[in-house]
Amino acid sequence: MKPVLQLFLREQLIFSSVVRRFLRWYVFFLRCLLWPLTSLGSLTPRTPCPPVTNRLLLLPAVDLAKIIRTRQVTCTEVVEAYISRAKEVNPLVNAIVQDRFQEALVEAEEIDGLLSSGKLSVEHMENNLPLLGVPLTVKETIAVRGMSNNGAWSLVPSHTAREDADIVRLLREAGAIPLLVSNTPELCMNWETDNPRVGRTNNPYDPRRTPGGSSGGEAALLGSAASVVGVASDIGGSLRLPAMFTGVYGHKPTPGYVSNRGHRPSSQDGCWDHYFTLGPMCRYARDLPVILNTIVADPRRAQELRLDEQVDLTKVKVFYMEDDGPERMFTDSVNSDMKTAMRTAVHYLREKYGLPVKQVSIQGLENIVSLSTLIMLRMNGIPNVYQRHQDNPDEWNSVLYTIGKRLLGLTTSSTTCLMYAPLKALVDSIPDEEFGKLLKRKELLMDRFKDMLGEDGVFLYPAFPTGAHFHGQIYFKFLNSAYLTLFNMLEMPVTACPMGLDKNGLPVGIQISAWQKQDRLTIAVARALEQEFGGWIPPCPIPD
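This structure is a prediction, so every number in the text was calculated from the model and none was measured. (Residues numbered from 1 in each chain as written. Predicted model: local features only at pLDDT ≥ 70, side-chain atom pairs only at ≥ 80, totals over all residues. Heavy atoms only, no water.)

Asker: Quick question: what am I supposed to make of the pattern of salt bridges here?
Answerer: If the charged atoms of two oppositely charged side chains come close together, the side chains can form a pair. Here the structure, examined in full by the defined rule, presents 29 salt bridges. A salt bridge links arginine 100 to glutamate 107; the nearest nitrogen and oxygen atoms lie 2.6 Å apart. Residues arginine 100 and glutamate 107 agree in their burial class; the two are buried. Here arginine 172 and aspartate 164 are joined by a salt bridge, their closest N and O atoms 2.7 Å apart. Like aspartate 164, arginine 172 is buried. Look at the salt bridges and you will find they share partners, linking Arg100, Glu107, Arg145, Asp164 and Arg172 into a network. (Salt bridge = Lys/Arg side-chain N within 4 Å of Asp/Glu carboxyl O. Buried < 20%, exposed > 50% of the residue type's maximum accessible area, 1.4 Å probe, protein only.)

And the structure:
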């Protein structure tokens, strides 16, 4: 390790005051430089999302499956409705990488034929095909057989999936019909969704703003009622931030229960499956238990999560924080709209269910920006724009050579992907002994959460300091992701839950987390809040 870096890290381990000061001024400089440019979008008119005219688009997945299997509506009608809506909104949101509309219609007709034959009882379908006929959209980095699966990687022109990812296979087996794969940033390395191949994905509530990333394509389609169920991935909040920015639900499961096989990029690092998870996104919290039960491959492991168990909310303990978690010198303050959403949720849970509610301040949480960054960047074998060959992520070209090519326009590598090398070099410079101390700090923080929450507690926390920002502003707001990466590092389940709209008509929301394997608690609380406050609010008029 270089002497200067050793000096920086010896006393504090998690960035010395010198590094902290540098980062603070670096972010301040970027804000001053980019805020005027990125705020120009506010001067252009706000294009409205087309109104929803088909009532089928307003039903939860569980209700759609019910009316399909009881033949109140044909599967073809449902699939046609979603195909029509996707075509209608995509010029606005630009979220589709590749569609399979014709194949989906054929599969819908086959389901209608099966239903007409009467070979399957309604009870059999309810128990074994809980999502029969339900349209499904999939983040492009998750493999759908015959579809693009490349994550806009500049090193590789294109890549087509030869087989379904495990999560897609299980949803197909439950009766779901994939419609398309949705847009992501390059290699998922951004909290906004933009790449040179498909372009920029827009927020349906305000196309001048981002739907977040890296699952922004899924979020834009769900928020605009062009999808009812989607699947996405999360290693730094990239499922939950888009969910919050577009007013829908996203659940990051307890790691290890949902197979990550079939996601591109991936890693063979032993820590990958602890921090990285695939999970569901949907417009209705009612759908979360069914989807999560479906995508846990091992029935015995699914039983450990007890998703079918009725949760008695009167016996749940609630802890919460409004702000003051991540280093305040790095992150923005949580705004009044977000705090109001938190207080509204807390007040309701206290008054409705008589729950013990406690505002807490957790020691160690103030260092989460640096702690989570250092620990998760330590992983090796992660595909990146510096590698020489697509099959060997640990053999790199010269960093200066790669950056030089980008400056000369000889590659389309994204800026956020280029930032990976210097950050990775800094983290890899930490001696193993010092890094071991960082892991002990993580374990201590995990112990505090475990002791606080146990098997009957939930922790409510902001998802982000503000609602969706204008395109490009993530470059000076990226450290706000600490509100999200916290739960990846602690390996805890967490549900992104919408809580209405702010004064600008943009979704606001909170995160509901619990200790490991207590996913049912976070989902139960989200469902309770949905019943009271309505959950997803359409970004467009709903004609009578």
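Asker: Hey, could you run me through the packing of helix 11 (residues 288–295) against helix 20 (residues 519–533) in this one?
Answerer: When two helices pack together, their arrangement is captured by the angle between the axes and the distance separating the axes. One way to put it is that helix 11 packs onto helix 20 with a least axis distance of 10 Å and a crossing angle of 155°. It follows that helix 11 is roughly antiparallel to helix 20 by the angle criterion. Facing helix 11, whose interface residues are Leu288, Pro289 and Leu292, helix 20 presents Asp519, Ile523 and Arg527. Residues of the contact of helix 11 with helix 20, tallied by class, amount to four nonpolar, no polar and two charged. (Axes fitted to C-alpha atoms, helices over the stretch in contact; angles between N-to-C directions. Helix = DSSP H or I, 4+ residues; strand = E, 2+ residues; numbered from the N terminus. Parallel < 35°, antiparallel > 145°, perpendicular 65-115°, else oblique. Contact = heavy atoms within 4.5 Å. Nonpolar A, V, L, I, M, F, W, Y, C, P; charged D, E, K, R; others polar.)

Asker: Sorry, what's going on with the nonpolar core here?
Answerer: Nonpolar side chains in soluble globular proteins generally cluster together in the buried interior. Counting 174 residues, the largest nonpolar core has Ile167, Phe449, Phe459, Leu460 and Leu529 as the members making the most contacts within it. Per element, the largest residue contribution to this core is 10 residues, and it comes from helix 4 (residues 75–93). (Core = buried A, V, L, I, M, F, W, Y, C linked by side-chain atoms within 4.5 Å.)

Asker: Any chance you could explain the environment of arginine 261 here in plain terms?
Answerer: Turning to its location among the elements, arginine 261 is positioned in the loop between strand 7 (249–252) and helix 10 (272–275). Along the primary structure arginine 261 and leucine 278 are separated by 17 residues, whereas in three dimensions their C-alpha atoms are 9.4 Å apart. When sequence neighbours within four positions are dropped, the list of residues in contact with arginine 261 reads Glu163, Asp164, Ala165 and Asp166. There is a polar contact of 2.8 Å between the side chain of arginine 261 and the side chain of aspartate 166. (Polar contact = N/O pair within 3.5 Å; in protein donor to acceptor, adjacent residues only side chain to side chain.)

Asker: Even after reading the chapter, I still don't get the side chain of asparagine 90, so can you show me in this structure?
Answerer: Here asparagine 90 shows up in helix 4. Residue class for asparagine 90 comes out buried when judged on its relative accessible area of 17%. Looking at asparagine 90, its side chain comes within polar contact range of the main-chain nitrogen of isoleucine 96, at 3.1 Å.

Asker: Sorry, what's going on with a nonpolar patch on the surface here?
Answerer: Residues Leu37, Leu40 and Leu43 make up a contiguous nonpolar surface patch of roughly 350 Å² in combined accessible area. Mapped onto the secondary structure, leucine 40 falls in the loop between helix 2 (17–38) and helix 3 (61–69). (Patch = residues over 30% accessible without salt bridge, like charges linked within 9 Å, V, L, I, M, F, W, Y side chains within 5 Å. Areas by Shrake-Rupley, 256 points an atom, 1.4 Å probe, with all protein chains shown as cover.)

Asker: Help me understand helix 3 in this model?
Answerer: Think of an α-helix as turning once every 3.6 residues; residues three or four places apart then point the same way. Of all nine residues in helix 3, seven are buried; the element is thus mostly enclosed. Summarising the contacts, the buried residues of helix 3 are in contact with helix 4, helix 5 (101–117), helix 6 (122–128), strand 6 (229–234) and helix 11.

Asker: Hey, could you run me through the pairing of strand 2 (residues 135–139) in this one?
Answerer: A regular strand places its side chains on the two faces of the sheet in alternate fashion. By the criterion of burial, strand 2 is predominantly enclosed, with five of the five residues buried. What you see with strand 2 is no split at all: Pro135, Thr137 and Lys139 on one side and Leu136 and Val138 on the other are buried throughout. Direction of pairing for strand 2 relative to strand 3 (residues 177–182): parallel, over a ladder of five bridges. Opposite leucine 136, over in strand 3, you have proline 178 as the bridge partner. Once you follow strand 2 into helix 7 (residues 166–173) and on to strand 3, the crossover reads as right-handed. As paired strands, strand 2 and strand 6 are joined by two bridges and run parallel to one another. Considered in strand 6, the bridge of threonine 137 is made with glycine 230. (Pairing = 2+ DSSP bridges. Right-handed = clockwise from strand over helix to strand, strands pointing away.)

Asker: When you look at the pairing of strand 9 (residues 317–320) in this model, what are you seeing that I'm missing?
Answerer: Two strands pair when backbone bridges link them, and strand 9 and strand 13 (residues 457–462) are joined in this way by four bridges, in the parallel orientation. If you follow valine 318 over to strand 13, its bridge partner there is valine 458. Of the strand pairs in this sheet, strand 9 and strand 10 (residues 357–359) are connected by three bridges, and their pairing is parallel. Each bridged residue has a counterpart across the sheet, and for tyrosine 320 the counterpart in strand 10 is glutamine 359.

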